[in-house]
Amino acid sequence: MKTRSQCRSRVSFFERLPSEVFDMILRRLTVLEVSVFSMVSKAMSCQIVDHVSTMAWAKRMIPQNFHHSRFPDDKQSTYRHYKALGLLFKRCTLLLPTKDRLKFIHTKFSKIPCFMMQCKPTAASCLGFSSYGVFLQTLIAGWNELECHRVFIFLCDFTDLPRKMEIVVNGRPGASRYLELQIRQFCRQVLLDPWSSRKECGFWLTQILKPWPMVSQARLLFILYGPLLPDGSLGWQQLTSTVLSSSALSDLAKAVLLLHTDLELKDWNTSTILAILEEIRVLPQVWRVENVARLLVLCGTTLCYSVLANKAHNGRLFEISKLLVYLILVCEKDGYCMSWVVTLVQQVCKVFTAAADKWSFIQSLENMFSEVTMEIYEASLAGNPQDDLESFQTLCSILGSSAHFHTEILHMFLKE
């Protein structure tokens, strides 16, 4: 029989257990089960916080073997475990202010070199950043933008990220290649790639870029999304010396498009995106025009037109003509419909209000076709055997693109 005072007692059964026995029970549970257990009551949540604060629990439940996973099952198992850890920390710190929640997490993860950006960047076999990304995404899911901004500030202090970014944006491109790769891996795998939502990804990309001036924003965008060499380092010189495929430029195009098309990202507008594109295409030197054209094709009609119209308003006929010729060439090489670029030429032509200006634009475009064709022909005569083949194929493509482009133009007029 319980006395009346015992009935009024709010001390739970688990609170009356010796701490050693309670710890033994928790050790028998999975991380996910402990996270559910923490939501039973405020007192239970406090007990579990005490339990996970021990060094013994951290050694046992926070794995750090990120560089020894050889099989896909190991990788998925690690991600599932860090997702469960994210749920545990989310639930057991639910009643704490955001600042205190982040401090508590810092005490658990500050001793992990991969999370602190203290390890030398390696190949994709390291699961450190991606595991941290899974943990963080689970932890902050549903948080508002102000809380997420506090998380970003916390991560910057946690990893010394701003100082590292300052080194790479102020230095010569490629001079700190390991640091560039480390920043890329951390930002992509922890902050950007875990989110499937464009809104979430755009928010974090804005947090990364917003504190920097426009020139530095362009440099950071290239570091985060630019093409990589086989050894994993950034291909700064590739854009100026070789023609790259669509796959090499697709990530960069998606990032630019993300900033340009998401109307909820109030920090960006068409003018700022155009200025950033102008900065990107001269990193580290002026890109080959075909690479610029291919990037614009991947960025889509709206942004491509905006770039051309901006040049048209500023009377830069030579640049418009050369870019359009290479846009036509890219459409021919990559199998895009030629009617797309014909429509683009029509739209650009409408930017010029005077008939004389329209005629000058058409003349400039046709003359540029001849100049580019001659440049490619002369390059095929002067190159080595390997270059000869590439130049000959490009020569065939430019001739074919010219024929298909003008066929589309004639077909359009004949229909009218």
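Counting of residues starts from 1 at the beginning of each chain's written sequence and follows it residue by residue. Under the rules for a predicted model, residues below a pLDDT of 70 receive no local features and side-chain atom pairs below 80 are neither given nor counted, while totals for whole chains, interfaces and linings still include all residues. Side-chain calculation: all heavy atoms of the structure are included, whereas hydrogens and water are not.

What follows deals with the overall build of the chain. Secondary structure elements are defined from DSSP: runs of H or I of at least 4 residues count as helices, runs of E of at least 2 residues count as strands, and each element is numbered from the N terminus. Secondary structure summary: the chain contains 23 helices and 0 strands in total. Atoms considered for the radius of gyration are the C-alpha atoms alone. The globule rule reads 2.2 Å times the number of residues to the power 0.38. In terms of overall dimensions, the chain is more spread out than a globule: its C-alpha atoms have a radius of gyration of 28 Å, far above the 22 Å expected for 416 residues. Residue burial is assigned from relative accessible area. The probe radius is 1.4 Å, only protein chains are included, and a residue is buried under 20% of its type maximum, exposed over 50%, and partly exposed in between. Taken over 416 residues, the chain has a buried fraction of 47%. Here the contacts in the chain between residues at least 6 apart in sequence split such that 70% fall between residues at least 24 apart. In what follows, a contact means two residues having at least one pair of non-hydrogen atoms within 4.5 Å.

What follows covers the side chain of R184. In this structure, R184 sits in helix α12 (residues 177-192). Asp and Glu are treated as the negative residues and Lys and Arg as the positive ones, with His and the ends of the chain left uncounted. One speaks of a salt bridge when a side-chain nitrogen belonging to Lys or Arg is within 4 Å of a carboxyl oxygen belonging to Asp or Glu. Of the side chains with opposite charge, D251 comes closest to the buried, unpaired R184, at an N-O distance of 4.7 Å. Under this definition, polar contacts are N or O atom pairs within 3.5 Å; protein pairs additionally need one hydrogen-donor-capable and one acceptor-capable atom, and for neighbouring residues in sequence, both atoms have to be side-chain atoms. Polar contacts involving the side chain of R184 include one to the main-chain carbonyl oxygen of G226, which spans 2.9 Å. Once residues within four sequence positions are removed from consideration, R184 is found in contact with Q189, F222, I223, L224, Y225, G226, L228 and L234.

The next point concerns the pattern of salt bridges. Summed over the entire model, instances satisfying the criterion amount to 13 salt bridges. A salt bridge links D193 to R188; its shortest N-O distance comes to 3.1 Å. In this structure, E319 and R316 form a salt bridge, with 2.9 Å as the shortest nitrogen-oxygen distance. Overall, E319 belongs to the partly exposed group, its relative accessible area being 29%. Several salt bridges share partner residues, and in doing so they unite E278, R281, K311, R316 and E319 into one network.

Right, let's talk about the packing of aromatic side chains for a bit. Put simply, two rings from Phe, Tyr or Trp (the six-membered ring, in Trp's case) pair if the centres are within 6.5 Å, and we call them stacked under 30 degrees between planes, edge-to-face over 60, tilted for the rest. Under the criterion given, the structure shown has 19 aromatic pairs. Here F89 and F104 contribute two aromatic rings whose centre-to-centre distance is 5.7 Å and whose plane-to-plane angle is 45 degrees, an arrangement assigned as tilted. With F89 in helix α7 (residues 72-92) and F104 in helix α8 (residues 98-109), this pair connects stretches of sequence that are 15 residues apart. Neither F89 nor F104 differs from the other in exposure class; each is buried. Criterion for a charge above a ring: Lys NZ or Arg CZ within 6 Å of the ring centre, and within 35 degrees of the ring normal. Positioned over the ring face of Y178 is R177, at 4.7 Å from the centre of the ring.

The next thing to look at is the environment of Q207. Structurally, Q207 is set in helix α13 (residues 198-209). In sequence terms Q207 and I153 are 54 residues apart; their C-alpha atoms lie 9.3 Å from each other. With residues near it in sequence (within four places) discarded, Q207 still touches H149 and F152. In this structure the side chain of Q207 is engaged in a polar contact, spanning 2.7 Å, whose partner is the side chain of H149.

Time to look at a nonpolar patch on the surface. On the surface, M374, Y377 and L381 cluster together to form a nonpolar patch covering roughly 320 Å² of accessible area. Among the secondary structure elements, Y377 is positioned in helix α22 (residues 355-382). Judged by relative accessible area, Y377 falls into the partly exposed class, the value being 39%. Excluding any residue in a salt bridge, patches collect residues exceeding 30% relative accessible area, merging like charges within 9 Å and nonpolar Val, Leu, Ile, Met, Phe, Trp and Tyr side chains within 5 Å. The method behind every accessible area is Shrake-Rupley, applied with a 1.4 Å probe, and residues are considered shielded solely by the protein chains displayed.

For the rest of this paragraph, the subject is the packing of α13 against helix α16 (residues 246-261). Inter-axis angles, ranging from 0 to 180 degrees, are taken between N-to-C directions of lines fitted to C-alpha atoms, where helices are fitted over the stretch in contact. Put simply, α13 and α16 touch, their axes get as near as 10 Å, and they point 100 degrees apart. As judged from the angle between their axes, α13 and α16 are roughly perpendicular. Between α13 and α16, the contacting residues are R198, C201, G202, L205, T206 and L209 on the first element and A255, L257, L258, L259 and T261 on the second. Partitioned by chemical class, the residues of the contact of α13 with α16 number 7 nonpolar, 3 polar and 1 charged. Small angles under 35 degrees read as roughly parallel and large ones over 145 as roughly antiparallel, with 65 to 115 read as roughly perpendicular and the rest as oblique. In this classification, Asp, Glu, Lys and Arg are treated as charged, Ala, Val, Leu, Ile, Met, Phe, Trp, Tyr, Cys and Pro as nonpolar, and every other residue, Gly included, as polar.

Quick look at the packing of helix α9 (residues 128-140) against α12 now. Two quantities define a packed helix pair, namely the angle between the helix axes and the distance between the axes. Packing of α9 against α12 leaves a shortest axis separation of 7 Å and a crossing angle of 30 degrees. Between α9 and α12, the crossing angle belongs to the class labelled roughly parallel. Two packed elements cross with a definite hand, and for α9 against α12 that hand is right-handed. Within the contact between the two elements, α9 uses F129, S130, Y132, G133 and L136 and α12 uses Q182, Q185, F186, Q189, V190 and L191. Of the residues assigned to the contact of α9 with α12, the class counts are 6 nonpolar, 5 polar and no charged. For any pair of crossing helices, the crossing counts as left-handed if the nearer helix is rotated counterclockwise from the farther one by less than a right angle, and right-handed if it is rotated clockwise.

This next bit is on the confidence of the model for the chain. Every residue gets a pLDDT, meaning the predictor's confidence in that residue, from 0 to 100. A residue-level look at the chain finds 90% of positions with pLDDT of 70 or above and a mean pLDDT of 87. Considering only residues more than four positions removed or in separate chains, one finds that residues 4-9, a stretch of pLDDT under 50, has 2 contacts.

Next up on the list: the nonpolar core. One recurring pattern in soluble globular proteins: nonpolar side chains tend to sit buried together. Membership of the largest hydrophobic core comes to 134 residues, with the highest contact counts inside it found for Y132, L191, L192, W204, L221, L327 and F405. Those residues in contact with Y132, other than ones at most four positions away along the chain, are F109, F115, F154, L155, F158, F186 and V190. Residue types Ala, Val, Leu, Ile, Met, Phe, Trp, Tyr and Cys, when buried and joined through side-chain atoms within 4.5 Å, form a set referred to as a nonpolar core.

Here we come to the side chain of Q217. Relative to the elements of secondary structure, Q217 occurs in helix α14 (residues 214-225). Residue Q217 is classed as buried on the basis of its relative accessible area, which comes to 9%. The contact partners of Q217, leaving out residues within four places of it in the chain, are L209, K210, W212, W268 and I276.

Glancing now at the environment of I223. Its place among the elements puts I223 in helix α14. When the C-alpha atoms of I223 and V169 are compared, they prove to be 9.3 Å apart, with 54 residues separating the residues in sequence. Ignoring any residue separated from it by four or fewer positions in sequence, one finds I223 in contact with V168, E180, R184, L234 and W236.

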